[in-house]
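Spelled out from the first residue to the last, the chains are:
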Amino acid sequence: MNPIMQAAAFTEHQRQQREAFALTRLRDELLKHSIHVELRDNGSALMVHRPGGAGLPVWVFVGYGGAYYSWQSAEKRHPVSDLQGAAQVLADYVGR
């Protein structure tokens, strides 16, 4: 692998790590709201379960260059910088 490819791979790895960390923080905050939530094995998404198992879970991703949590096909989003607000919006969205 040439140096440019190595740099690109390293940058991509860093982005994935930042996104996984942001999702881990959101998971921890949602647990405070007693919401059943799972971080996917590769850290790329958060699965937020609705109370009582009613309906499908909500998949949450980090998007828009790492600036927003997004869900519902990116129609819904909240800034990553507002962790508590994002958790509250998601709790309301899933019906908690």
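Just so it is clear, the structure is predicted and the values come from calculations on it, not from any experiment.

Here is what the cut-offs are and how they apply
Numbers given for residues are sequential positions, taken from 1 along each chain in its written order. This being a predicted model, a pLDDT of at least 70 is required before a residue's local features are given, and a value of 80 or more before pairs of side-chain atoms are given or counted; all residues contribute to the totals for chains, interfaces and linings. Side-chain descriptors were evaluated using all non-hydrogen atoms of the structure, hydrogens and water having been removed beforehand. Helix numbering and strand numbering both begin at the N terminus, where a helix is a DSSP run of H or I of at least 4 residues and a strand a DSSP run of E of at least 2. Exposure categories follow from relative accessible area, calculated using a 1.4 Å probe and restricted to protein chains: below 20% of the type maximum is buried, above 50% is exposed, and the middle band is partly exposed. The criterion used for residue contact is that any of the two residues' heavy atoms lie within 4.5 Å. Here, strands pair whenever DSSP counts at least two bridges between them. Under this scheme, a helix contributes an axis fitted over its contacting stretch, all axes are lines through C-alpha atoms, and angles between N-to-C directions fall in the 0 to 180 degree range.

S.K.: Run through the side chain of histidine 78, naming residues and quoting values.
M.R.: Along the chain, histidine 78 turns up in strand 5 (residues 76–79). In this structure histidine 78 comes out as buried when scored by relative accessible area, which is 13%. Setting aside its immediate chain neighbours within four residues, histidine 78 contacts Ala67, Tyr68, Tyr69, Trp71, Gly85, Ala86 and Val89.

S.K.: Tell me about the sheet that holds strand 5, residues and numbers included.
M.R.: Judged by pairing direction, the sheet is antiparallel, and its 5 strands sit side by side in the order 1-2-3-4-5 without closing on themselves. Both edges of this open sheet fall to strand 1 (37–39) and strand 5, since each of them pairs with a single strand only. Strand after strand, the sheet turns through a mean of 25° between neighbouring axes, direction not considered. Judged from the 4 bridges that link them, strand 4 (residues 68–71) and strand 5 form a sheet pairing that is antiparallel. Directly across from serine 70, in strand 5, lies its bridge partner arginine 77.

Read these as layout, nothing more, since geometry by itself doesn't imply function.
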